[in-house]
Amino acid sequence: MDFKLTPDEEAFRDEVRAFAKENLSPEARKSPGFLANWLKKVREKRWVGFNWPEAYGGGGGGIMEQVILKEEMAKAGAPPLGLCLMGLQWVGPAIIEYGTEEQKQKFLPDILDSKYQWCTGYSEPGFGSDLASLQCKAVRDGDEYVINGQKIWTSIASWSKWMILLTRTDFNTADKHDGITCLLVEMDSPGIEVRPIKNMAGGSLFAEVFFENVRVPVENLLGDEGKGWAVTVSALAHERSGISEVAGLVRQLEKTVELAKHTRHNGRRASEQPSIRRRLAKADTIIEGMRLNGQRFLTKQLKGEPLSSETSINKLHRAFLAIEFGDLALEMLGNASQYLGSEDTSGVDQNLWPNGVLDWPTVVIGGGTPNIQRNIIAERILGLPKD
Ligand SMILES: Cc1cc2nc3c(=O)[nH]c(=O)nc-3n(C[C@H](O)[C@H](O)[C@H](O)COP(=O)(O)OP(=O)(O)OC[C@H]3O[C@@H](n4cnc5c(N)ncnc54)[C@H](O)[C@@H]3O)c2cc1C
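Conventions used here
- Residues numbered from 1 in each chain as written.
- Predicted model: local features only at pLDDT ≥ 70, side-chain atom pairs only at ≥ 80, totals over all residues.
- Heavy atoms only, no water.
- Phe/Tyr/Trp six-rings, centres within 6.5 Å; stacked < 30°, edge-to-face > 60°.
- Helix = DSSP H or I, 4+ residues; strand = E, 2+ residues; numbered from the N terminus.
- Buried < 20%, exposed > 50% of the residue type's maximum accessible area, 1.4 Å probe, protein only.
- Lys NZ or Arg CZ within 6 Å of the ring centre and 35° of its normal.
- Domains from an automatic or database assignment.
- Axes fitted to C-alpha atoms, helices over the stretch in contact; angles between N-to-C directions.
- Contact = heavy atoms within 4.5 Å.
- Nonpolar A, V, L, I, M, F, W, Y, C, P; charged D, E, K, R; others polar.
- Pairing = 2+ DSSP bridges.
- Parallel < 35°, antiparallel > 145°, perpendicular 65-115°, else oblique.
- Left-handed = near helix turned anticlockwise from the far one by under 90°.

## Looking at the packing of aromatic side chains
Point 1. Across all of its chains, the model carries eight aromatic pairs by this definition.
Point 2. Taken together, a centroid distance of 5.5 Å and an interplanar angle of 35° make the contact between phenylalanine 12 and phenylalanine 50 tilted. With phenylalanine 12 in helix 1 (residues 7-23) and phenylalanine 50 in the loop between helix 3 (34-44) and helix 4 (63-75), this pair connects stretches of sequence that are 38 residues apart.
Point 3. Relative accessible area serves as the criterion here: at 12%, phenylalanine 12 is assigned to the buried category.
Point 4. The exposure class of phenylalanine 50 is buried, given its relative accessible area of 9%.
Point 5. An aromatic cluster of three or more residues is present, and its members are Phe12, Phe19, Trp38, Trp47 and Phe50.
Point 6. In this structure, arginine 140 packs its charged tip against the face of tyrosine 145, placed 5.8 Å from the ring centre.

## As for the domain arrangement of the protein chain
Point 1. Assigned domains within the protein chain: domain 1 (7-82), domain 2 (118-226) and domain 3 (241-381).
Point 2. Taking only C-alpha atoms into account, the centre of domain 1 sits 33 Å from that of domain 2.

## Side note on the packing of helix 4 against helix 9 (residues 274-302)
Point 1. Look at helix 4 against helix 9: their axes get within 10 Å of each other, and the N-to-C directions meet at 150°. Seen from helix 4, the contacting residues are Ile63, Met64 and Val67; seen from helix 9, they are Leu298, Gln301 and Leu302.
Point 2. The class makeup of the residues in the contact of helix 4 with helix 9 is five nonpolar, one polar and no charged.

## Remarks on the pairing of strand 7 (residues 206-217)
Point 1. Pairing geometry for strand 3 (residues 144-155) and strand 7, over nine bridges, is antiparallel. Within strand 7, the position partnered with tyrosine 145 by the bridge is valine 216.

## A closer look at the packing of helix 10 (residues 311-333) against helix 13 (residues 370-381)
Point 1. Between helix 10 and helix 13, the shortest axis-to-axis distance is 9 Å and the interhelical angle comes to 150°. Here helix 10 lies roughly antiparallel to helix 13, going by the angle between them. For the element pair helix 10 and helix 13, the recorded crossing hand is left-handed. When helix 10 is examined against helix 13, the residues Ser312, Ile313, Lys315, Leu316 and Ala319 are found in contact with a partner set consisting of Pro370, Gln373, Arg374, Ile376, Ile377 and Ile381.
Point 2. Split into classes, the residues belonging to the contact of helix 10 with helix 13 amount to seven nonpolar, two polar and two charged.

What follows is the structure, encoded as structure tokens:
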């Protein structure tokens, strides 16, 4: 596949660059209401949900332009284009693919307008990696489903208005992937209890969510009853794709290299230490591999083929890099680990490095652990025997 930009694509890239330059200057970033203004402007340009159908408020744009937009935004260190992150990343795409006309009209514009948050109710105690064994039960009762069960590690459940929820409607299937049903659930429905879980960084990002006789209208069924696994696979592929994340990783590598140049380690500049140089070079090589692999996804997408297992390769590399950049920074900074989890901002770069180290579980575990990605690569790409 030739990825050389056409004149129209180059013009679009220049437009995005000029927009970012004008709206993301240091002065603009310091101005009051910067984020609100930013969100309004990118929405007006229809760059939020860039490739979503225009009929629902999206940009109706092509895949290549979307990649250009995301790459340029990542290079510019731009804030997100919308605040409803899960909505934009996978709930919206799943609704576009599997939703009814009513669901599309009801939910997609709100996601684009960052009106409220969505959370994802997949994992259960004992069923995280082995998600297809989930037990949260939904029973059809007239025009409603009645839900009983529990979810865990549900990010932002405490402040979400809606949840994309996986339930089991059939406990007697030969294949555990059958009988799973995806429902869109309003979080203030009677019978839902959210109990926040405190994480090691001190925050309460995620929660346990309990369902006791929660009634959900049948019109909130996403996809067909018993076929929710297909909805999930599509949503997880969207979560794991992210070709443009490479631009963000390049920025992170550049920052780590800068840190190495300005930090003394074992009596000399860290950037002069062979062990540190080797690790930086390895990170650079991995990022280049991710870029090339990302182009493989892009080729498939441009041909209209669905994304599937190959996105696990980049997810695995991203997990490695999330830990590696944190480890490298802590090694170079030496005593910075004293700031881990602290609100003290007196250290190097306001202690962004040690505090960033505590964020790795989001990238590494969220969306499937490295072992699970390895299993997927081994079985579905390399054709090795099943685990
Ligand atoms: C920050 C964060 C945010 C999250 N947000 C959400 C969310 O919003 N919604 C949601 O539903 N879930 C969320 N999760 C949960 C996440 O998806 C699960 O934690 C993850 O899928 C792993 O499941 P588990 O915790 O049950 O671990 P387990 O599946 O019990 O795994 C434990 C260990 O065993 C290994 N393992 C398991 N099975 C195998 C196997 N077959 N072969 C080899 N090794 C194996 C795993 O790699 C891991 O090291 C979040 C997790 C984190 C850390």
